[in-house]
Amino acid sequence: MPFGSFYVEELKGESVRRREKNWKTKKEPVGEQRNTQPSQEDVQEKATGIINTVNILFIGRNLSIIQEFLCSMNQNMGETLTSYGFAFYTQDLSSITDIIAKKKRLERYCWSFDSTPWTYDYGTENYREYKFDISPSGDQSRAVELHIRCVTPEGAQGHMSWGQADAVWMICDGALLQTEGDEYTGFLRQLLAGIPKQDAEKPKPVCLILSQIEQLGHFDGPGDQSCLPAEVSGELVKLCRDKFVPNSPVAVIPVQVYGGMECAGLDDKGWPILRIGQNSFYQTYMPDNCQIPCLYTLQMFCNSQNTGLFGDANDGEFLRSISSHYGGKFRNPQWVPDMLGDEVET
């Protein structure tokens, strides 16, 4: 498995204008995929709408593990934003096709009560893009597009660029709880140590997303107030701080993805082997906390860049909704995640 580093680009003059054109431009939304053809009024509304793009570089061991998180994020974000008057959806056919297929496969496996371990195919694909949108409910004429570029270590050389991303996500899977010597964990260690020093006033959101944590525990509690027990959260953060030493602050965010499967070890290639949970929790298992990396990223993006997402009063309403959600879930509207690094070095 090759080891990589972030490619940092110094952009000046025409290069800056080219970057803004390619990555930050406002563009027309693609027609929404529906069972029926959209009306002419819908087409006209979307054609005149405004979409601002937030570009996210998402690094994972393989695309399947990333997809498991994205289909869980899709559900959690939809449930969360609906209660605050916003919609979370995708108008990209390949994105929704992948998400639905992954969810159905996970559900088939879990409800088959199969004792055969869940393993990952050794595919050769190492890069894929997904697109999700957020807009005020009932008004897609103003939207924010999350353009998520997913890459594995094998695709790092050609697709991983810190300079062209507004945020960076890294998913750390069940190998975190297993034996030492995992190559992907070593890859993450190198990446985290190589994060460019950030501007203290405009830090770029960087999230270390912890999935497949069920060996230690799971989120529990009523609805959107569910939480991970403090002792479990503390142990996960300690494990990360023992293994990773980043140059800049990195948010540590544990999540639960579809299925509730436990990591039972690693296969010959070093990829996680999962099994159906050994207690009855899996029977009512739903994804949890997968909205937090996205909400944290958007909040940080707005605060550090002094940039509105929707270009109108919905900007303030969206940020207030995030604070309200933190207040209900974490009992603190000003909640911030645990960090690997405490100081921003300039």
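Our structure's up above, just so we're on the same page.
Residues numbered from 1 in each chain as written. Predicted model: local features only at pLDDT ≥ 70, side-chain atom pairs only at ≥ 80, totals over all residues. Heavy atoms only, no water.

K.L.:
I'm lost on the pattern of salt bridges in this one. Help?
P.N.:
Where charged atoms of side chains with opposite charge meet at close range, the side chains can pair. If you walk through the whole model with that rule in mind, you get 10 salt bridges. Between R61 and D182 there is a salt bridge, with its nearest N and O atoms 2.9 Å apart. Taken together, the residues R61 in the loop between strand 1 (50-59) and helix 3 (63-82) and D182 in the loop between strand 5 (167-172) and helix 6 (183-193) connect sequence positions 121 residues apart. We note that R61, like D182, is buried. (Salt bridge = Lys/Arg side-chain N within 4 Å of Asp/Glu carboxyl O. Helix = DSSP H or I, 4+ residues; strand = E, 2+ residues; numbered from the N terminus. Buried < 20%, exposed > 50% of the residue type's maximum accessible area, 1.4 Å probe, protein only.)

K.L.:
In this structure, what is going on with the packing of aromatic side chains? I would like to understand it.
P.N.:
On inspection of all chains with the given rule, the structure shows 14 aromatic pairs. Ring centres 6.1 Å apart and planes at 90° place the aromatic pair F69 and W169 in the edge-to-face group. Linking F69 in helix 3 with W169 in strand 5, this pair joins segments that are 100 residues apart in sequence. The class of F69 is buried, set by a relative accessible area of 0%. (Phe/Tyr/Trp six-rings, centres within 6.5 Å; stacked < 30°, edge-to-face > 60°.)

K.L.:
In this structure, what is going on with the pairing of strand 3 (residues 127-136)? I would like to understand it.
P.N.:
On a regular strand, each side chain points to the face opposite its neighbour's, so the side chains alternate between the two faces of the sheet. Here strand 3 lies mainly inside the structure; 7 of its 10 residues are buried. The sheet contact formed by strand 2 (residues 86-89) and strand 3 spans 4 bridges and is antiparallel. Each residue of the ladder has a partner; that of F86, found in strand 3, is P136. In this structure, strand 3 lies alongside strand 4 (residues 142-151), joined through 8 bridges in antiparallel fashion. Opposite Y127, over in strand 4, you have V151 as the bridge partner. With antiparallel pairing between neighbouring strands as the criterion, strand 3 and strand 4 make up a hairpin whose turn holds 5 residues, including G138 at a positive phi of roughly 80°. (Pairing = 2+ DSSP bridges.)

K.L.:
How should unusual backbone geometry be read in this particular structure?
P.N.:
Excluding glycine, residues mostly carry a negative phi; peptide bonds, for their part, are mostly trans. Notably, Q212 is not glycine yet its phi reads approximately 55°, a positive angle. Take Q212: it is sitting in the loop between strand 6 (206-210) and helix 7 (230-243). Taking relative accessible area as the criterion, Q212 reaches 3% and is therefore assigned buried. Not every positive phi belongs to a glycine, and R331 is a case in point at roughly 65°. Structurally, R331 can be placed in the loop between helix 9 (314-330) and strand 10 (338-339). Judged by relative accessible area, R331 falls into the exposed class, the value being 57%.

K.L.:
Got a minute to help me understand the pairing of strand 5 in this structure?
P.N.:
Of all 6 residues that make up strand 5, 6 are buried, and the element is covered over most of its length. Here strand 5 shows two buried faces, one formed by A167, W169 and I171 and the other by V168, M170 and C172. Relative to strand 6, strand 5 is paired through 5 bridges, and the arrangement is parallel. Along strand 6, the bridge assignment pairs W169 with C207. Handedness of the crossover joining strand 5 and strand 6 through helix 6: right-handed. (Right-handed = clockwise from strand over helix to strand, strands pointing away.)

K.L.:
Would you take a moment to explain the packing of helix 8 (residues 292-305) against helix 9 for this structure?
P.N.:
For any two helices packed against each other, the geometry comes down to the angle between their axes and how far apart the axes lie. The geometry of helix 8 relative to helix 9 is characterised by a closest axis approach of 11 Å and an angle of 135° between their N-to-C directions. One way to sum up the angle between helix 8 and helix 9 is to call them oblique. Considering how the two elements wind past one another, helix 8 and helix 9 form a crossing that is left-handed. Seen from helix 8, the contacting residues are I292, L295, Y296, L298, Q299, C302 and N303; seen from helix 9, they are F318, L319, I322, S323, H325, Y326, K329 and F330. Each residue belonging to the contact of helix 8 with helix 9 can be placed in one class, and the counts come to 10 nonpolar, 4 polar and 1 charged. (Axes fitted to C-alpha atoms, helices over the stretch in contact; angles between N-to-C directions. Parallel < 35°, antiparallel > 145°, perpendicular 65-115°, else oblique. Left-handed = near helix turned anticlockwise from the far one by under 90°. Contact = heavy atoms within 4.5 Å. Nonpolar A, V, L, I, M, F, W, Y, C, P; charged D, E, K, R; others polar.)

K.L.:
Is there a simple way to think about the nonpolar core in this case?
P.N.:
Nonpolar side chains in soluble globular proteins tend to be buried together. Of all hydrophobic cores here, the largest spans 91 residues; its most connected members are F69, L70 and M73. Sort the elements by how many residues they give to this core and helix 3 lands first, with 9 residues. (Core = buried A, V, L, I, M, F, W, Y, C linked by side-chain atoms within 4.5 Å.)

K.L.:
Looking at this structure, how should I read the state of the cysteines?
P.N.:
Cysteine pairs can be covalently joined through their sulfur atoms, and such a bond is termed a disulfide. Applying the stated criterion to the full structure yields 0 disulfides. A disulfide-free cysteine, C172 has its sulfur positioned 5.7 Å from the sulfur of C240, the nearest such atom. Judged by its relative accessible area of 0%, C240 is buried. (Disulfide = S-S within 2.5 Å.)

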